[in-house]
Amino acid sequence: MRIALLLFALSLLPAMSFAQAQPWKDYLGKWDISGEPPHANYVYWLEVTEAGGKLAANFLNRGGSVLPVSAIRFENGELIFRAAHANPKAPQPPEHHAKLTEDKDRLLGLVTIGGEQIAWMGLRPPTWTTDANTNAKRIKYGTPVQLFAGKDLSNWTAQVKDKPLGWGIVDGAMTNEPKANNLVSLHRFQDFKIQCEYKVEKNSNSGIYLRGRYELQVLDDFGKPTESHGHMALYSRVAPKVNASKPVGEWQIMEAIIIGNRLSVWLNGQKLHDNIVIEGITGGALDSREAEPGPIMIQGDHEKITYRKVVVTPIIK
């Protein structure tokens, strides 16, 4: 009996040693991150991976693109990583220090920027249902909500409260001044179909945020190759299958269906995303509470853009 117990104990040693050599294993996976007050509007996203015993990560540093971190290590019980810049000549970003709570369901982080300490907390994203399908033939729709139908901006508010709205109605369409505020719908939605009609100006750059978290890029890119920042890309995450953009000044029609973390998108009659998986929030998201309903946000803080229709039809489960 003693020999059997000894052999059993010895058989556990490699597994135990391997686990002890990977103290960061509970950090692996995705994290939806929000700043703690007074920085509650700071929103980040992190995915930690491991290959061959080496850590790697992708990080969304509030705005812009999801990028691989420039450095990551596990030291003194902390995960320490440094965000990357799209511009390699930019100054090196500060390090984020993060540690799991005892129950391992929250990731508490701290970063010092310009002498100011910013605390943040990460939570696991929701477990999405595996049967979500934006191509289902029998999707049941509710009553359409006309967020804009050519009259006024009564269904919208400004994202930045102390900044002028910068939007108005011209010939039955809502249009912005360059560098205006972003429009946030007063209505919130979970699963839905959205239909928009808009036109871009030369070098226009806007975006349609689903649930206020996932940006579909709106861009003047007629005739250009597709890429993850192009027109109707899931910004920085998934490029459209084809470039279906029309030239500057022509009205364009988009439609998107989002169910859980699944997304299909059409532009000017062509299907650009076919029930793709949304891996996480995109830059400029209003919050990181992915399981909750959210508003539609229309970006107005870049160049001029004009919308004459925004209709959201809820999906009834």
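Coordinates for the structure precede this section.
Cut-offs applied
Residues numbered from 1 in each chain as written. Predicted model: local features only at pLDDT ≥ 70, side-chain atom pairs only at ≥ 80, totals over all residues. Heavy atoms only, no water. Helix = DSSP H or I, 4+ residues; strand = E, 2+ residues; numbered from the N terminus. Contact = heavy atoms within 4.5 Å. Areas by Shrake-Rupley, 256 points an atom, 1.4 Å probe, with all protein chains shown as cover. Lys, Arg positive; Asp, Glu negative; His and termini not counted. Charge placed at Lys NZ, Arg CZ, Asp CG, Glu CD. Pairing = 2+ DSSP bridges. Axes fitted to C-alpha atoms, helices over the stretch in contact; angles between N-to-C directions.

Here we look at the overall build of the protein
1) Next: Summing up its helical and strand segments, the protein has 1 helix and 23 strands in all.
2) Next: Along the first, second and third principal axes, the C-alpha atoms of the protein reach 85 × 50 × 35 Å.
3) Next: For the protein, contacts bridging at least 24 residues in sequence account for 57% of all contacts bridging at least 6.
4) Next: Counting every atom, the protein has about 16,000 Å² of accessible surface; 54% of that belongs to carbon and sulfur.
5) Next: If the 36 positive side-chain charges of the protein are averaged to one point and the 33 negative ones to another, these points end up 4 Å apart.

Considering the pairing of strand β23 (residues 305-316)
Where a strand is regular, its side chains alternate between the two sheet faces.
1) Next: The pairing of strand β10 (residues 140-141) with β23 spans 2 bridges and is antiparallel. Pairing of Y141 across the sheet is with I315, part of β23.
2) Next: Bridge analysis of strand β11 (residues 145-148) against β23 gives 3 bridges, and the strand direction is antiparallel. By the bridge assignment, Q146 is partnered in β23 with V311.
3) Next: One ladder, built from 2 bridges, connects strand β14 (residues 173-176) with β23; its direction is antiparallel.

Thoughts on the environment of A291
1) Next: Examined against the element boundaries, A291 turns out to sit in the loop between β21 (270-277) and β22 (297-298).
2) Next: Taking the C-alpha atoms as reference points, A291 and G142, 149 residues apart in sequence, are found 20 Å from one another.
3) Next: Discounting residues that sit within four places of it in the chain, A291 has contacts with P126 and Q190.

Points about the sheet that holds strand β3 (residues 54-60)
1) Next: Taken together, 9 strands build an open sheet; the order of strands is β4-β3-β2-β1-β9-β8-β7-β6-β5 and the sheet is antiparallel. Taken across any chain shown, the strands that pair with only one partner, and hence form the sheet edges, are β4 (66-68) and β5 (71-75). Ignoring strand direction, the axes of neighbouring strands in this sheet form an average angle of 25°.
2) Next: Two elements, β5 and strand β6 (residues 78-82), share 5 bridges in a ladder whose sense is antiparallel.

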